[in-house]
Amino acid sequence: MSSAPAEQGNAEPVNPPIIRVRGLRKVYQTGKVYVEALRGVDLDVPPGEFLAIVGPSGSGKSTLFHIIGGLTPPSAGEVTVAGRNVSAVGDSGRTELRRKYVSFVFQKFNLLPNLTARDNIRTALHIAGLPTDHFDSQFLNILNLLGISARLDHKPSELSGGEQQRVAIARALATKPAILLADEPTGNLDSRNSLAVLHILRDLNERLHQTILMITHNAEAAAFGHRIMHMSDGRIVESSVQ
Amino acid sequence: MVFKLVWENVRFRPVRTMLSILLIALPVTLILTLVGLSRGFVEGSEKRAEGVGADILFRPKGTTLLSSFNGAPLPEKFVDQLAKEPHVAASTGVVYQLVGGAFDSIAGIDQASFIHLSGPFVFLEGHGIEKPDDILLDQYYADQRHVRAGSRIGVLNKDWNVAGIVEGGKLAHLFVQIQVLQDLIGSTGKVSQIYLKLDDPRNIDIVKKQLSAKYEDYPIYSMKELEAYYSVDNIPLLKYFTEAVLGIGVLIGFLVVWMSMYMAVLQRTREIGILKSLGASKGFVMGIILAEAFALGLGGTITGVALSFGTRWLMDTLMPASLPQAIVPDWWPIAGLIAVGGALLGSLYPGMLAVRQDPIEALAYE
């Protein structure tokens, strides 16, 4: 493992970066108080990288995720995701980004509680404008890898936490996104299920070359990434390649 | 998939769905019941007027066709005068007086001339009017007051003997001797209107013309004209009443749906956040909300229509004479439009709030 200077956490990209961030700033207004969540972040992520982002609460890692994923616009700076300048597009452009290029896996799973696992996946396919009547062979392999093929007709309330998170991963991958953003994916799981989910993410990264950005508090979880990036006070303070 | 999403949404929270449907059904039932009551009242009046079997109606000066079914301003001497007119086979004067509010009236009749003109009453119990305190009730009023032949009943602050119960559909719900009612309301020697029966119905136009020439300023109608005139729209009070009810129904429906959909959207904040995180557009989220509102509006309409049969049963059980409620199928689509339209309009604002919601805040909603 080597450690790079904290500067802006850039590893030399082997390929043109799938995520390129320059001078990213984000200021939130809470009442009359302005909070600077990101204070100038530069970042390059090559395609197929599994990047772990660690840092204390309030360090800006979730905000960085939300901007890269098109959930919120930046206050300043430039963000390019899968060749699209996210900082220059409006709400509909960010919606299109989420629909076609980026998928999320959340700590709280965020499955639609009234739908079965299968219908949760089909909803994502429908929104992306993809066929919903059958799953292609590649996706069936993913379901097998995730070990949820037999649990697809159950609603979230009938699934364990680990199963719910694996359904959430399946839903995120169903649309074949360029980037998978996993925000504390093991935060609500016990150690056995956490390990299983982390192995699945690494498998997906290795087999499908899926670009994955993962936020975690857990050093063991972070060790699954190719690169670990530390954030503090809205800045990248350290980046180390595994 | 959208249908599935909407269906699962309404199925997932059955209590909220049922409550929303019931709340939307309320104004639908309110509209159908009150319109049904208006129409039932008019249809009942029409049926009873038709049941008299007369050909021509002679009314006091200055009255309109459907006004002044109360009091007796017409001198009784006209009854005999009109009986002597060419082609008039029978005439009878009737005194009307409203009882128990605006929906029931008692008729004072000269039993002999009335039966001569109209035919005999069909008695279900008892016998005809024999004594001054005798009263005849039709079956609806008897059911409403829970009385039988031989019972005593108070009407117009007077104690009456229920002499007989007759089949409904003729003139009024209650009948007493004409002189007794005239004295009771201070109109001795006067009647409310006069019914004429002709030797041949084909002579109606001729007789009407003759009478109009002779009795200038007295409104004279054929019974066919009267029947044609029986509609809610021709009775200003009922027309305004129906319109007011409609307005209140729309307002209540809108507020109810608005509150219901507002709560529904609030409850589903997180789910809307999830849909947005999946890349759902504003149009998609709004479409889901509107489709759900449509489903609830449709459910509310069907439930409201079903409940209107319930209110009719209630009216028939409690007040069959005073509050006859018609079932009004022609109003079902109108009530449905109000409910569904209200549901769609009512869901617009909460829907707009939902689509504008910040996905990060929505996802953090507990």
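I will try to describe carefully the structure that is included in this document. For clarity, every value in this text was computed on a predicted model and none was experimentally measured.

**Things to note about the overall build of chain B**
The number of helices and strands found in chain B is 13 helices and 12 strands. Relative to its length of 366 residues, chain B is extended, with a C-alpha radius of gyration of 28 Å against a globular reference of 21 Å. Overall, the C-alpha framework of chain B stretches about 90 × 45 × 30 Å when taken along its three principal axes. Burial status across chain B gives 52% buried among its 366 residues. Restricting to contacts in chain B with at least 6 residues of sequence separation, those with at least 24 account for 80%. For chain B, the accessible area works out to roughly 16,400 Å², and carbon and sulfur atoms hold 63% of it. For chain B, the centre of its 31 positive side-chain charges and the centre of its 35 negative side-chain charges are spaced 6 Å apart.

**Concerning the pattern of salt bridges**
All names here are of chain B. Inspection of the entire model under this criterion finds 26 salt bridges over all chains. Note that Glu271 is salt-bridged to Arg13, the shortest N-O span being 3.0 Å. With Glu271 in helix 10 (residues 269–277) and Arg13 in the loop between helix 1 (2–12) and helix 2 (14–52), this pair connects stretches of sequence that are 258 residues apart. The buried category is assigned to Glu271, whose relative accessible area is 7%. You can call Arg13 buried: its relative accessible area is 18%. Between Glu292 and Arg16 there is a salt bridge; the shortest N-O distance is 2.9 Å.

**Considerations on a nonpolar patch on the surface**
Residues and elements named next belong to chain B. Together, Trp313, Leu314, Leu318 and Met319 make up a nonpolar patch on the protein surface, roughly 420 Å² of accessible area in all. Within the secondary structure layout, Met319 lies in the loop between helix 11 (282–318) and helix 12 (332–356). A relative accessible area of 33% places Met319 in the partly exposed class.

**Digging into the sheet that holds strand 3 (residues 33–45) of chain A**
Residues and elements named next belong to chain A. A sheet is described by the order of its strands in space; here four strands give the open sequence 3-2-5-6, paired in antiparallel fashion. Each edge of the open sheet is held by one strand with a lone partner, namely strand 3 and strand 6 (84–85). Looking at chain direction, strand 5 (residues 76–81) and strand 6 are connected through two bridges and run antiparallel. By the bridge assignment, Val81 is partnered in strand 6 with Arg84. Strands in contact with helix 1 (residues 61–68) are strand 2 (19–30), strand 3 and strand 5; relative to strand 3, the strand with the most contacts, it is inclined by about 65°.

**Here we look at the pairing of strand 11 (residues 235–241) of chain A**
All names here are of chain A. Examined bridge by bridge, strand 10 (residues 227–232) and strand 11 share six bridges and lie antiparallel to one another. For Arg227, the partnering residue across the bridge sits in strand 11 and is Val241. In textbook terms, the turn of a hairpin is the stretch between consecutive antiparallel strands, and for strand 10 and strand 11 this stretch comprises two residues, one of which, Asp233, has a positive phi near 50°.

**A word on the environment of Tyr349 of chain B**
The residue Tyr349 of chain B is located in helix 12 in this model. Placed 88 residues apart in sequence, Tyr349 of chain B and Met261 of chain B show a C-alpha to C-alpha distance of 9.0 Å.

**Side note on the nonpolar core**
Counting residues in each nonpolar core, the largest one holds 70 residues, and the members touching the most others are Val41, Leu43, Leu64, Val81 and Leu213 of chain A. Core analysis: the second largest hydrophobic core is formed by 38 residues, Ala52, Val54, Leu146 and Ala168 of chain A among them.

**Here's the deal with the interface of chain B and chain A**
Tallying the contact residues gives 24 residues for chain B and 24 residues for chain A. Surface buried jointly by chain B and chain A totals about 2,200 Å² across both partners, of which 65% is contributed by carbon and sulfur atoms. If you sort the residues of chain B by the area they bury against chain A, Met1, Leu278 and Ile360 of chain B come out on top, with a joint share of 28%. Close ionic contact of Lys282 of chain B with Asp91 of chain A constitutes a salt bridge, the shortest N to O distance being 3.6 Å. For the pair chain B and chain A, the interface holds five residue pairs in polar contact (both at pLDDT 80 or more). Contributions of two or more residues to the side of chain B that touches chain A are made by helix 1, helix 10, helix 11 and helix 13 (359–364) of chain B. The element that contributes the greatest number of residues to the side of chain B that touches chain A is helix 1 of chain B, accounting for seven residues. A breakdown of the residues in the side of chain B that touches chain A according to their chemical character gives 12 nonpolar, four polar and eight charged.

**Some details on the side chain of Ser347 of chain B**
Residues and elements named next belong to chain B. Mapped onto the secondary structure, Ser347 falls in helix 12. A polar contact of 2.9 Å, which involves the side chain of Ser347, links it to the backbone oxygen of Leu344. Beyond its immediate chain neighbours, meaning those up to four positions away, Ser347 contacts Met261, Ile289, Leu290 and Ala293.

**Here we look at the environment of Ile153 of chain B**
Residues and elements named next belong to chain B. Looking at where Ile153 falls in the secondary structure, it is placed in strand 7 (residues 152–155). Separated by 97 residues in sequence, Ile153 and Val250 place their C-alpha atoms 42 Å apart. Setting aside residues no more than four positions away along its own chain, Ile153 makes contact with Ile135, Leu137, Tyr141, Arg145, Val147, Lys158, Asp159, Trp160 and Val162.

**Concerning helix 6 (residues 191–208) of chain A**
All names here are of chain A. For helix 6, spanning 18 residues, the distance from its first C-alpha to its last is 25 Å, which sits close to the expected 26 Å at 1.5 Å a residue. Of all the residues in helix 6, the buried ones are Asn193, Ser194, Val197, Leu198, Ile200, Leu201, Leu204 and Asn205. The buried residues of helix 6 all sit within an arc of 155° when viewed along its axis, so they share a single face. Within helix 6, the exposed residues directed more than 90 degrees away from the buried face are Ser191, Arg192 and Arg207.

**A word on the packing of aromatic side chains**
All names here are of chain B. Throughout the structure, instances matching the rule amount to 13 aromatic pairs over all chains. Seen from their ring centres, Phe78 and Tyr215 are 5.7 Å apart, and the 65° between their planes marks the pair as edge-to-face. Separated by 137 residues along the polypeptide, Phe78 in helix 3 (residues 77–83) and Tyr215 in the loop between helix 7 (204–214) and strand 12 (220–222) bring together distant segments of the chain. Pair check on accessibility: Phe78 and Tyr215 agree, each one buried. Aromatic ring contacts, followed pair by pair, group Phe58, Phe78, Tyr215 and Tyr218 into a single cluster. The side chain of Lys77 reaches across the aromatic face of Phe78, ending 5.9 Å from its centre. Lying across the ring of Phe121, Lys170 places its NZ or CZ 5.6 Å from the centre.

Rules behind the numbers
Residues numbered from 1 in each chain as written. Chains lettered and ligands numbered in written order. Predicted model: local features only at pLDDT ≥ 70, side-chain atom pairs only at ≥ 80, totals over all residues. Heavy atoms only, no water. Helix = DSSP H or I, 4+ residues; strand = E, 2+ residues; numbered from the N terminus. Rg over C-alpha atoms; globule rule 2.2 N^0.38 Å. Buried < 20%, exposed > 50% of the residue type's maximum accessible area, 1.4 Å probe, protein only. Contact = heavy atoms within 4.5 Å. Areas by Shrake-Rupley, 256 points an atom, 1.4 Å probe, with all protein chains shown as cover. Lys, Arg positive; Asp, Glu negative; His and termini not counted. Charge placed at Lys NZ, Arg CZ, Asp CG, Glu CD. Salt bridge = Lys/Arg side-chain N within 4 Å of Asp/Glu carboxyl O. Patch = residues over 30% accessible without salt bridge, like charges linked within 9 Å, V, L, I, M, F, W, Y side chains within 5 Å. Pairing = 2+ DSSP bridges. Axes fitted to C-alpha atoms, helices over the stretch in contact; angles between N-to-C directions. Core = buried A, V, L, I, M, F, W, Y, C linked by side-chain atoms within 4.5 Å. Buried area = accessible area lost by both parts, 1.4 Å probe. Polar contact = N/O pair within 3.5 Å; in protein donor to acceptor, adjacent residues only side chain to side chain. Nonpolar A, V, L, I, M, F, W, Y, C, P; charged D, E, K, R; others polar. Expected span 1.5 Å × (residues − 1). Arc of directions from axis to C-beta. Phe/Tyr/Trp six-rings, centres within 6.5 Å; stacked < 30°, edge-to-face > 60°. Lys NZ or Arg CZ within 6 Å of the ring centre and 35° of its normal.

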